[in-house]
Amino acid sequence: MNIAVVDYGMGNLRSVSKALEHVAPDHTVVVTSDPQQIADAERVVFPGQGAMPDCIRELDTRGLRQVVIEATKQKPFLGICIGLQMLFERSEEGGAAGLGVFAGTVKRFAQADMHDAQGQKLKVPHMGWNQVEQAMTHPLWQNIANHDRFYYVHSYYVCPADAAMVAGETSYPEPFTCAIAKDNLFAVQFHPEKSAQAGLQLLRNFVHWQP
Amino acid sequence: MGLAKRIIPCLDVTDGRVVKGVNFLELRDAGDPVEIAQRYNDQGADELTFLDITASSDNRDLILHIIEEVASQVFIPLTVGGGVRQVEDVRRLLNAGADKVSINTTAVLNPKMVEDAAGRFGSQCIVVAIDAKKVDNQPFEWEVFTHGGRKPTGLDAVKWAQHMVSLGAGELLVTSMDRDGTKIGFNNPLNRAISDAVDVPLIASGGVGNLQHLVEGVTLGGADAVLAASIFHYGEYTVQQAKAYMYQHGIEVR
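From a predicted model like this one, the values you see are computed outputs, not experimental measurements.

Conventions and cut-offs
Residues numbered from 1 in each chain as written. Chains lettered and ligands numbered in written order. Predicted model: local features only at pLDDT ≥ 70, side-chain atom pairs only at ≥ 80, totals over all residues. Heavy atoms only, no water. Helix = DSSP H or I, 4+ residues; strand = E, 2+ residues; numbered from the N terminus. Rg over C-alpha atoms; globule rule 2.2 N^0.38 Å. Buried < 20%, exposed > 50% of the residue type's maximum accessible area, 1.4 Å probe, protein only. Contact = heavy atoms within 4.5 Å. Areas by Shrake-Rupley, 256 points an atom, 1.4 Å probe, with all protein chains shown as cover. Lys, Arg positive; Asp, Glu negative; His and termini not counted. Charge placed at Lys NZ, Arg CZ, Asp CG, Glu CD. Axes fitted to C-alpha atoms, helices over the stretch in contact; angles between N-to-C directions. Parallel < 35°, antiparallel > 145°, perpendicular 65-115°, else oblique. Left-handed = near helix turned anticlockwise from the far one by under 90°. Nonpolar A, V, L, I, M, F, W, Y, C, P; charged D, E, K, R; others polar. 1 Å grid on protein atoms, 1.4 Å probe; cavity = no way out; pocket = protein on both sides within 12 Å on 5 of 7 lines; lining within 4 Å. Points joined across faces, edges and corners; volume = space filled by probe spheres on them. Buried area = accessible area lost by both parts, 1.4 Å probe. Salt bridge = Lys/Arg side-chain N within 4 Å of Asp/Glu carboxyl O. Polar contact = N/O pair within 3.5 Å; in protein donor to acceptor, adjacent residues only side chain to side chain. Patch = residues over 30% accessible without salt bridge, like charges linked within 9 Å, V, L, I, M, F, W, Y side chains within 5 Å. Arc of directions from axis to C-beta.

Asks: For this particular structure, what's the right way to read the overall build of chain B?
Replies: If you tally the helices and strands in chain B, you get ten helices and twelve strands. Against the globule reference of 18 Å for 254 residues, chain B gives a C-alpha radius of gyration of 17 Å, in line with a compact fold. Dimensions along the principal axes, computed over C-alpha positions, put chain B at roughly 45 × 45 × 40 Å. Counting only residues that meet the buried cut, chain B has 56% of its 254 residues in that class. Taking the intrachain contacts of chain B between residues at least 6 apart in sequence as the baseline, contacts between residues at least 24 apart amount to 64%. For chain B, the exposed surface amounts to about 10000 Å²; the carbon and sulfur share of it is 49%. In chain B, the 23 positive side-chain charges and the 33 negative ones have mean positions that sit 2 Å from each other.

Have a look at this one:
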């Protein structure tokens, strides 16, 4: 079975592909910017890092917009970080338009007045290990304890219009959507490929997922 | 429930080997990099930092193999620092599997490099390392030093930190040169001053001798993460013990 990791030139996808290879030794993981390979793959992973406007531009430069949008509707699809954010209509980051697969926007943490329970200033980017409150039962949460910690590094978060697609929430300090699920699609704000056992379990669940 | 404070063991690398010093002089092979990284991972380390202390630039690429090996088997964030001079160095380290690259002396010599690297790869992977020392010959309290603490720069560490963040640093690694190797604790006033002056996370480094120092790094110094080398390498404490101690003292840990 082929798992395609969509490569649109925005940074290092080695971590993602290595983690997938680790949990799916019997599968072929291809890091690719070839639309045909993405169309032919049985599963698609859509990662992303950096700034969303750059990600969208690079995606378009490589002619990958259409094949990614089609994949979101057709086969097991996992979005990671900016790969989650790009699925929505618009981001506050550079006013960028997203792919518009789902209704909703991407907002920045309101830096100035964020404090934790001890009154310490909360930093942006939100960087480190935070707890995920699972908002629904889902095959991708299988064997992952509710409130397990995953590794985050981001300054923006998604606000889906449809609350029914929220699969997980994390607090910083207010709850934000950290995972969404819809039919064959699952997408997360954290980095499963950097989240030790919990992250590897999520990737393993994705590899075996039959939506 | 919230973001955990991170504990980051720091590993020294020279000529492609992970080493540890004996009496601060003789460097001894510390063992297989993947095994060491795996051990810290199993103990619950939140990240790992590799510091390249290779003297000769000829051998500096050897760290790439270590990072490649570790990154294919240990799935937590990896930071690499030491000898990072050009945007191209950042690219190669990221491609080898580093998640973040730490820039120290070059940030002072060529601040534009920080801006270029952050612009190209994103702030999330650019850590600026600041070595600071308390001084009494300047109109400010802490001065930035380079070249392993040997060269004064005339820069105010707090203002410098703010400048680096404005150029795109996504995180700061602050080492107190007064405290490094002393085991008397972090320089918490320095860390607090910088942490309060910037919005990005701060990693405290230099001076850890016991677990209470880690707690104080967070509570007094305002650090978002604490970095330590010797207390973990010589088996004085495990990362697990450090976390248990921090947790008992009201600090959120993973």
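Here the narrative resumes, following the displayed structure.
Asks: Whenever I open this one, the packing of helix H3 (residues 87–96) of chain B against helix H5 (residues 111–121) of chain B confuses me. Can you help?
Replies: Residues and elements named next belong to chain B. It is the contact of H3 with H5, at a shortest axis distance of 9 Å, that shows an interaxial angle of 40°. Considered as vectors, H3 and H5 are oriented oblique to each other. The interaxial crossing formed by H3 with H5 has right-handed handedness. Between H3 and H5, the residues in contact are Val87, Val90, Arg91 and Leu94 and Met113, Asp116, Ala117, Arg120 and Phe121, respectively. In the contact of H3 with H5, the residues fall into six nonpolar, no polar and three charged.

Asks: Please explain the layout of surface pockets as it appears in this structure.
Replies: Left-over empty space is what a probe sized like a water molecule reveals as it rolls over the atoms. Considering only enclosed or pocket space, the largest pocket measures out at about 1600 Å³ in volume. The wall of the largest pocket is formed by 50 residues, among which Cys10, Asp12, Leu51, Ile53 and Asp180 of chain B lie closest to the centre. There is about 690 Å³ of room inside the second largest pocket. For the lining of the second largest pocket, the elements supplying multiple residues, two or more each, are helix H5 (82–85) and strand E9 (149–154) of chain A together with H3 and H5 of chain B. If one sorts the elements of the lining of the second largest pocket by residue count, H5 of chain B sits on top with four residues. Per-class residue counts for the lining of the second largest pocket are 14 nonpolar, 18 polar and five charged.

Asks: Even after reading the chapter, I still don't get the interface of chain B and chain A, so can you show me in this structure?
Replies: You'll often see interface size given as the accessible area lost when the parts meet. Contact with chain B, which involves 43 residues of that partner, is made by 32 residues of chain A. Overall, the association of chain B and chain A removes approximately 3000 Å² of surface from exposure, summing both partners, and the carbon and sulfur fraction of that is 52%. Viewed at the interface, chain A and chain B are joined by four salt bridges. Put simply, Lys194 of chain A and Asp99 of chain B hold a salt bridge, and the shortest N to O gap is 2.8 Å. Across the contact surface, chain B and chain A share 17 residue pairs in polar contact (both at pLDDT 80 or more).

Asks: What am I meant to see in empty space enclosed by the protein here?
Replies: Inspection of every chain in the model, using the stated rule, returns two cavities of 30 Å³ or more. In this model, the largest cavity occupies a volume close to 260 Å³. Mapped by element, the contributors of at least two residues to the lining of the largest cavity are helix H1 (14–23) and E9 of chain A. Its residues placed into classes, the lining of the largest cavity shows eleven nonpolar, six polar and four charged. Of the voids in this model, the second largest cavity is the one considered here, and its volume is about 40 Å³. The wall of the second largest cavity is formed by Ile8, Glu47, Thr49, Thr79, Val127, Leu173, Ile203 and Leu227 of chain B. Tallied by class, residues from the lining of the second largest cavity come to five nonpolar, two polar and one charged.

Asks: I keep staring at a nonpolar patch on the surface and nothing clicks. Help me out?
Replies: A cluster of nonpolar residues, Leu27, Leu51 and Ile53 of chain B, forms a patch on the protein surface that exposes about 220 Å² of accessible area. Here Leu51 of chain B shows up in strand E4 (residues 48–52).

Asks: What is the right way to read the pattern of salt bridges from this model?
Replies: Should the charged atoms of two oppositely charged side chains come close, the side chains can pair. All names here are of chain B. Tallied over the entire structure, the rule returns 25 salt bridges over all chains. For Arg91, the salt bridge identified is with Glu88, shortest N-O distance 2.8 Å. In this pair, Arg91 and Glu88 are both assigned in helix H3, three residues apart and thus about one turn of the helix distant. A relative accessible area of 28% places Arg91 in the partly exposed class. Classification of Glu88 as partly exposed rests on a relative accessible area of 32%. Where Asp89 meets Arg92, a salt bridge forms, and the shortest distance between an N and an O atom there is 3.3 Å. Here Arg92 and Asp89 lie together in helix H3, a separation of three residues that amounts to about one turn. Given the relative accessible area of 13%, Asp89 is considered buried. By relative accessible area, which is 29% here, Arg92 ends up partly exposed.

Asks: Would you mind going over helix H7 (residues 188–197) of chain B with me for this structure?
Replies: For the α-helix, the turn length of 3.6 residues means that residues three or four positions removed from each other point alike. All names here are of chain B. The set of residues buried in H7 consists of Asn188, Leu190, Asn191, Ile194 and Ser195. Buried residues of H7, seen end-on, are gathered within an arc of 155° and therefore sit on one face of the element. Along its buried surface, H7 packs onto strand E7 (126–134), strand E8 (142–146), helix H6 (157–167), strand E10 (171–176), strand E11 (202–205) and helix H8 (211–219). Structurally, the start of H7 carries an N-cap: the backbone nitrogen of Leu190 is 3.2 Å from a side-chain oxygen of Asn187.

Asks: It is not clear to me how H8 of chain B should be interpreted in this structure. Could you clarify?
Replies: Residues and elements named next belong to chain B. All of the buried residues in H8 are Leu211, His213, Leu214, Val215, Gly217 and Val218. Where the residues of H8 are buried, they touch H7, strand E12 (225–228), helix H9 (230–233) and helix H10 (239–248). N-capping of H8 is provided by Asn210, with a side-chain oxygen placed 3.0 Å from the backbone N of Gln212.

Asks: Looking at this structure, I do not really get the side chain of Gln43 of chain B. What am I missing?
Replies: Residue and element names in this part refer to chain B. Topologically, Gln43 is positioned in helix H1 (residues 33–43). Judged by relative accessible area, which is 16%, Gln43 ranks as buried. Within the local environment of Gln43, its side chain forms a polar contact with the backbone nitrogen of Val239, the two atoms lying 2.9 Å apart. For Gln43, the contacting residues outside a window of four places in its chain are Thr238, Val239 and Gln240.

Asks: Even after reading the chapter, I still don't get the environment of Leu11 of chain B, so can you show me in this structure?
Replies: Residue and element names in this part refer to chain B. Checked against the element boundaries, Leu11 lands in strand E1 (residues 6–14). Residue classification places Leu11 among the buried residues on the basis of a relative accessible area of 3%. Between the alpha carbons of Leu11 and Thr79 there is a distance of 10 Å; along the sequence they are 68 residues apart. Apart from residues no more than four positions distant in its own chain, Leu11 is found in contact with Val18, Ile36, Tyr40, Thr49, Phe50, Leu51 and His233.

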